[in-house]
Number of protein chains: 4
Amino acid sequence: MDFPILIINFKTYREATGRRAIELAKAAERVARELGVAIAVAPSHLELAQVAQSVDLPVYAQGASVENFGAYTSHIPLEAVKEVGAGGVILNHSEAPLALNQLAKLLEKAHSLNLDTVVCAPDPQTSLAAAALAPRAVAVEPPELIGTGRAVSKYKPEAIVKTVELVKSYFPHVAVITGAGIESGDDVEAAIKLGTRGVLVASAVAKSRDPYGKILELAKPIAAGPP
Amino acid sequence: MDFPILIINFKTYREATGRRAIELAKAAERVARELGVAIAVAPSHLELAQVAQSVDLPVYAQGASVENFGAYTSHIPLEAVKEVGAGGVILNHSEAPLALNQLAKLLEKAHSLNLDTVVCAPDPQTSLAAAALAPRAVAVEPPELIGTGRAVSKYKPEAIVKTVELVKSYFPHVAVITGAGIESGDDVEAAIKLGTRGVLVASAVAKSRDPYGKILELAKPIAAGPP
Amino acid sequence: MDFPILIINFKTYREATGRRAIELAKAAERVARELGVAIAVAPSHLELAQVAQSVDLPVYAQGASVENFGAYTSHIPLEAVKEVGAGGVILNHSEAPLALNQLAKLLEKAHSLNLDTVVCAPDPQTSLAAAALAPRAVAVEPPELIGTGRAVSKYKPEAIVKTVELVKSYFPHVAVITGAGIESGDDVEAAIKLGTRGVLVASAVAKSRDPYGKILELAKPIAAGPP
Amino acid sequence: MDFPILIINFKTYREATGRRAIELAKAAERVARELGVAIAVAPSHLELAQVAQSVDLPVYAQGASVENFGAYTSHIPLEAVKEVGAGGVILNHSEAPLALNQLAKLLEKAHSLNLDTVVCAPDPQTSLAAAALAPRAVAVEPPELIGTGRAVSKYKPEAIVKTVELVKSYFPHVAVITGAGIESGDDVEAAIKLGTRGVLVASAVAKSRDPYGKILELAKPIAAGPP
């Protein structure tokens, strides 16, 4: 996992379903190449395999189940995530919260499979607990700002500052990124200035009429940022 | 949804992951053509799209989430299931149990999307409740027999008989199928004789060294059975 | 379980916590005696035992867990509900939804323990499924009206009418009651006229400055109603 | 919360239900007085109020819900736990696991209510994450030993040693206690020697024919241990 990074979560937006998931990922790939910046995409489970096979980018699952291969109807084993070509997983997104004990097991397994890991958390204290489990990155995302267009880096900068401070002092090997409400290049720039090593975006890209242009806008401050 | 039917649940078996999911589905397709019998396959979420695009069979999702398209990281909207090419969904499998209220909403939505629906239930009384929600089929599956190789049709025939009797008398438009422990053509034949209109199998096919041969064996009594 | 019935759900209202739970239950007991009407109270788990020991009324738990006595930290076994003196249980309230399979097991066990059972459901179709599990009563409660003061009997009478019709035609031994938004005697009267055999109320009583007066108002149309 | 401490979890054992919960708590109270040792009891939700009113010991709830007072049928608000007389809460027991985000919220609220907090975790890494949320104590409990009579302090001492080491170096204000399989005074002594500041026991006491004698046996090494 390279930093600074722009991670694009496709969620289950209609605009990022089916064929459009691949188009979106290809737009991200183009920006990544043009700017030489790290971009990862997180399509829904239904498009994970096809996106992973279509682009040369880190592709992350939006979540996973703790169980291994076997008799687990409707689950998403990390082993299968890996096998279909994904390189990482986002865990504990506020829309898919996980039990502490399961999160710990998933991280341990993900690392043994050599998968990148990003754990979301709603606030600084919870981010510290997530960091204690040694993921590659923690993404602090105040749930009340998600999808609002009011960027965490502008409307709640203190949450970012406090998270960076806490995680750096206890678990400096864990990168802090942020998300929630990020809509513009300015929002990304603000997040980088506050000490994060990347951002997690969703609706701004998935719902854009010009995904390539929007990704370009969001990725520029990443490309310009400190390593 | 045509009856009698053989439904093959791929679960998250390693043997039914990635490329092997497509091979398994193609073996099922070959048998369906050769015998002129109704066969549906239920790959994992990660392979659903690719299997749906690869075979001319009903392809069912192993489950789904109640939410629509939108900001629902890691969920599986029925609308997306439909869009990637699936034709139905299995709900309330004992390995993915659902809240009653969510099951009711999912069924209503699935039907408005014109998706086939199979609801699993562990016993006759719960099967009756599931049938009250008007799915296309109810699959009675005693959980204690799932994956054991001890077929419900031989080790717990009374559960099938009672379910057929209850569902027929209250909700005759709902088909009763069965599963759990089904390993051989004899097991299928026994299930059909007890009044079911199909069977749901998993490990017997997914773990077979000769999936085509095994599907053929299981499908023959279906082909020979009453409509 | 006697019908028609007024069931008072204390939820976890501050006004129905600790000592106040007992006072509320005693007010209900007084009305039950004065009017000769069936009233049941459902205090929170924390007050269940003390309320059951303090009044001569049916006392219902607000929910329960499927597990028996044993190593189940923080669970609520039905056997314990019974032992501390409760006479019944409300299941699948929209604020405590249950998996279909667990609901079925809980009802079977509750009846073997001779406990009264009321299953909540949000709409007619789900009420029919609940009725298929043979509880003593089904309470149809559109969740969007709960706690609003807009009574289901006035704002969504068609949900009640349809539920009564469905349940009566398939499972006539199951009583239909209703709830959500019930605030006044008029609301109760309307519910009875629509064919229900009782009502489930919460905030109207728990948050009243004069609980005795409010219970009296709500119970009068019950006392006057058809058996 | 005083250390070292013996915490007795009543779980939902039949032997600790109803009146017997009070007798068990009184036996604990007697030992606490005789030995001058810190003992806390954790009765089930159904007995919490009566136990809290019957003994002069810290009484802990076995769990709680994140919601406040209000329209939350079947939930257990911390505010109500406090109001009925409890002085603390056990969270994330392996039999009642919590989402990370909810655990964080519960701890924050518990501390604002001045309630003691014990968070259970299955292994050292998860214990460290729990400690990052600043509870008063973390209880490391390998789930595979719970209820087995094979004491963690003898069969998995390395889990205790590693947890003590990790938590001490990162979050020294959080006490480490342990549990799982603790049956005898020797098991407790071993746990104290490994650096824990208390133990969490359940079946050994609840299922004993002589609870007073068993509590005395378990409490003696606590009384003799380092502060």
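Residues numbered from 1 in each chain as written. Chains lettered and ligands numbered in written order. Predicted model: local features only at pLDDT ≥ 70, side-chain atom pairs only at ≥ 80, totals over all residues. Heavy atoms only, no water.

Participant: Is there a simple way to explain the relation of the copies chain D and chain C in this structure?
Facilitator: In this structure, two copies of a chain are linked by a rotation about an axis accompanied by a shift along it. With an RMSD of 0.0 Å, chain D superimposes on chain C once it is rotated by 180° and translated 0.0 Å along the axis. Accordingly, the operation relating the two chain copies is best matched by a two-fold axis. For chain D, the minimum C-alpha distance to the rotation axis belongs to Leu 46 of chain D and amounts to 2.7 Å. Mapped onto chain C, 100% of the interface residues of chain D again fall at the interface, so both copies present the same surface. (Least-squares fit on C-alpha atoms with pLDDT ≥ 70 in both. Contact = heavy atoms within 4.5 Å.)

Participant: Quick question: what am I supposed to make of the interface of chain D and chain C here?
Facilitator: Reports often express the size of an interface as the amount of accessible area lost when the parts come together. Taken together, the contact between chain D and chain C spans 34 residues of the former and 34 residues of the latter. Carbon and sulfur atoms supply 56% of the area buried between chain D and chain C, which totals about 3,000 Å² over both sides. Looking only at chain D, the three residues that lose the most surface to chain C are Thr 12, Leu 46 and Thr 73 of chain D, adding up to 26% of its buried area. Where chain D meets chain C, there are two salt bridges. The residue Glu 83 of chain D makes a salt bridge to Arg 20 of chain C at a minimum N-O spacing of 3.1 Å. Inspection of the chain D/chain C interface yields 19 residue pairs in polar contact (both at pLDDT 80 or more). Elements supplying a minimum of two residues to the side of chain D that touches chain C: helix H2 (48-54) and helix H3 (78-83) of chain D. With four residues, the top contributor of residues to the side of chain D that touches chain C is H2 of chain D. (Buried area = accessible area lost by both parts, 1.4 Å probe. Salt bridge = Lys/Arg side-chain N within 4 Å of Asp/Glu carboxyl O. Polar contact = N/O pair within 3.5 Å; in protein donor to acceptor, adjacent residues only side chain to side chain. Helix = DSSP H or I, 4+ residues; strand = E, 2+ residues; numbered from the N terminus.)

Participant: Can you help me understand the layout of surface pockets in this one?
Facilitator: Unfilled space is identified by rolling a water-sized probe across the atoms. A volume near 360 Å³ is recorded for the second largest pocket. Along its surface, the second largest pocket is lined by 15 residues, and Asn 101 and Lys 105 of chain B together with Pro 122, Asp 123 and Pro 143 of chain C are the ones closest to its centre. Residue contributions to the lining of the second largest pocket peak at three residues, all from helix H4 (residues 100-112) of chain B. Split into classes, the residues belonging to the lining of the second largest pocket amount to eight nonpolar, three polar and four charged. (1 Å grid on protein atoms, 1.4 Å probe; cavity = no way out; pocket = protein on both sides within 12 Å on 5 of 7 lines; lining within 4 Å. Points joined across faces, edges and corners; volume = space filled by probe spheres on them. Nonpolar A, V, L, I, M, F, W, Y, C, P; charged D, E, K, R; others polar.)

Participant: Before we go on, may I ask you to explain the pairing of strand S6 (residues 137-140) of chain B in this structure?
Facilitator: Residue and element names in this part refer to chain B. Because side chains alternate across S6, one face comprises the buried residues Ala 137 and Ala 139, and the other comprises Val 138 and Val 140, equally buried. Where strand S5 (residues 116-121) meets S6, four bridges bridge the pair, whose relative direction is parallel. Along S6, the bridge assignment pairs Val 119 with Val 138. Taken together, S5, helix H5 (residues 124-131) and S6 form a β-α-β motif whose crossover is right-handed. Pairing between S6 and strand S7 (residues 175-179): four bridges, direction parallel. Following the sheet pairing, Val 138 is matched in S7 by Val 176. (Buried < 20%, exposed > 50% of the residue type's maximum accessible area, 1.4 Å probe, protein only. Pairing = 2+ DSSP bridges. Right-handed = clockwise from strand over helix to strand, strands pointing away.)

Participant: Explain the sheet that holds strand S7 (residues 175-179) of chain C here, please?
Facilitator: Hydrogen bonds along the backbone pair up the strands of a sheet, which may run parallel or antiparallel. All names here are of chain C. Strand order across the open sheet formed by eight strands is S2-S1-S8-S7-S6-S5-S4-S3, with parallel pairing between neighbours. Lying at the two open borders of the sheet, with one neighbouring strand each, are strand S2 (38-42) and strand S3 (60-61). Of the strand pairs in this sheet, S3 and strand S4 (residues 88-91) are connected by two bridges, and their pairing is parallel. The residue bridging Tyr 60 from the neighbouring strand is Gly 88, located in S4.

Participant: It is not clear to me how the pattern of salt bridges should be interpreted in this structure. Could you clarify?
Facilitator: Close approach of charged atoms allows side chains with opposite charge to pair. In total, this model carries 44 salt bridges over all chains according to the counting rule given. We note a salt bridge from Arg 30 of chain A to Glu 34 of chain A, for which the minimum N-O separation is 3.2 Å. Pair noted here: Arg 30 of chain A and Glu 34 of chain A are both in helix H1 (residues 19-35), with a separation of four residues, about one helical turn. For Glu 34 of chain A, a relative accessible area of 44% translates into the label partly exposed. Measuring nitrogen to oxygen at the nearest pair gives 3.9 Å for the salt bridge that ties Lys 162 of chain D to Glu 165 of chain D.

Participant: Is there a simple way to think about the pairing of strand S1 (residues 5-9) of chain D in this case?
Facilitator: On any regular strand, side chains alternate: one points to one face of the sheet, the next to the other face. All names here are of chain D. A large share of S1 lies buried, amounting to five of its five residues. Both faces of S1 are covered, namely the face carrying Ile 5, Ile 7 and Asn 9 and the face carrying Leu 6 and Ile 8. Of the strand pairs in this sheet, S1 and strand S2 (residues 38-42) are connected by five bridges, and their pairing is parallel. Looking across to S2, one finds that Ile 7 is bridged to Ala 40. Following the chain from S1 across helix H1 (residues 19-35) to the adjacent parallel S2, one finds a crossover that is right-handed. Sheet topology note: the S1/strand S8 (residues 198-201) ladder contains four bridges and is parallel. Pairing of Leu 6 across the sheet is with Val 199, part of S8.

Participant: Would you mind going over the arrangement of the chains with me for this structure?
Facilitator: At the level of C-alpha atoms, the two units chain A and chain C stay apart, their nearest approach being 16 Å. With no contact formed, the shortest span from any C-alpha in chain B to any C-alpha in chain D equals 16 Å.

Participant: Which parts of the structure should I look at to understand the relation of the copies chain A and chain B?
Facilitator: Its rotation angle being 180°, the transformation that places chain A on chain B also includes 0.0 Å of axial translation and leaves an RMSD of 0.0 Å. Here 100% of the interface residues in chain A have copies in chain B that are interface residues too; the copies meet face to matching face.

Participant: Would you take a moment to explain the packing of helix H1 (residues 19-35) of chain C against helix H10 (residues 211-224) of chain C for this structure?
Facilitator: The relative placement of two packed helices comes down to the angle between their axes together with the axis-to-axis distance. Residues and elements named next belong to chain C. Contact geometry of H1 with H10 gives a least axis separation of 9 Å together with a crossing angle of 40°. Viewed along their axes, H1 and H10 form a crossing whose handedness is right-handed. Along the contact surface, H1 presents Leu 24, Ala 27, Ala 28, Arg 30, Val 31, Glu 34 and Leu 35, while H10 presents Pro 211, Tyr 212, Ile 215, Leu 216, Ala 219, Lys 220 and Ala 223. The class makeup of the residues in the contact of H1 with H10 is eleven nonpolar, no polar and three charged. (Axes fitted to C-alpha atoms, helices over the stretch in contact; angles between N-to-C directions. Left-handed = near helix turned anticlockwise from the far one by under 90°.)

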